[in-house]
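Coordinate analysis (summary)
In case you want the letters, here they are:
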Amino acid sequence: MYVCSCFGITEEQVKQHADAGRCTPRQIASACKAGTDCGSCVRRIQAILGRGAGGVTRTKLETATPAQPAPSSAPRPVPPALPLPLPVPLPVTVPLPAAAGAA
């Protein structure tokens, strides 16, 4: 049965790619272009891979890589605090009395 009618990819071909280690729709797409045109087959590909709603996910066992050392839990040194500038007083303005002869 065809899964991707845009590129003529069958369910069997998707399963073959999955058995070869391609375990995500993106990996399947890079192998055979399924799901890269109209996108209507992506959910079907997910279902075949076991990634549909409530399905079990497929995972490929990778070769073990040496563990990276955990980052040090020691606190990082804190740079000394910079002195804060002293506040500059704002000028106080006082209203001038009205001139005696001005009206």
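The following paragraphs examine the structure supplied in this document. (Residues numbered from 1 in each chain as written. Predicted model: local features only at pLDDT ≥ 70, side-chain atom pairs only at ≥ 80, totals over all residues. Heavy atoms only, no water.)

Under the definition given, this model contains two salt bridges. Between Glu11 and Lys15 there is a salt bridge; the shortest N-O distance is 3.3 Å. Highlighted residues: Glu11 and Lys15, both in helix α1 (residues 11–19), separated by four residues, approximately one helical turn. For Glu11, the salt bridge is made with Arg44, and the minimal N-O distance between the two is 2.7 Å. Separated by 33 residues along the polypeptide, Glu11 in helix α1 and Arg44 in helix α3 (residues 42–48) bring together distant segments of the chain. By relative accessible area, which is 18% here, Glu11 ends up buried. When its relative accessible area of 36% is taken as the criterion, Arg44 is described as partly exposed. (Salt bridge = Lys/Arg side-chain N within 4 Å of Asp/Glu carboxyl O. Helix = DSSP H or I, 4+ residues; strand = E, 2+ residues; numbered from the N terminus. Buried < 20%, exposed > 50% of the residue type's maximum accessible area, 1.4 Å probe, protein only.)

Moving on, we get to unusual backbone geometry. Not every positive phi belongs to a glycine, and Lys33 is a case in point at roughly 75 degrees. Mapped onto the elements of the fold, Lys33 is located in the loop between α2 (25–32) and α3.

So, about α2. Taken as a whole, α2 has its buried residues at Pro25, Ile28, Ala29 and Cys32. Down the axis of α2, the buried side of the element spans an arc of 100 degrees, and every buried residue falls inside it. The outward face of α2, more than 90 degrees from its buried face, is lined by the exposed residues Arg26 and Ser30. Where α2 is buried, its residues contact β2 (9–10), α1 and α3. Just beyond α2, the residue with positive phi is Lys33, at close to 75 degrees. (Arc of directions from axis to C-beta. Contact = heavy atoms within 4.5 Å.)

The contact between α1 and α2 brings their axes to 10 Å, and the two run at 110 degrees. Taken together, the axes of α1 and α2 are roughly perpendicular relative to one another. Contacts from Val14, His17 and Ala18 of α1 reach α2 at Ile28, Ala31 and Cys32. When the residues that make up the contact of α1 with α2 are grouped by side-chain class, the tally is five nonpolar, one polar and no charged. (Axes fitted to C-alpha atoms, helices over the stretch in contact; angles between N-to-C directions. Parallel < 35°, antiparallel > 145°, perpendicular 65-115°, else oblique. Nonpolar A, V, L, I, M, F, W, Y, C, P; charged D, E, K, R; others polar.)

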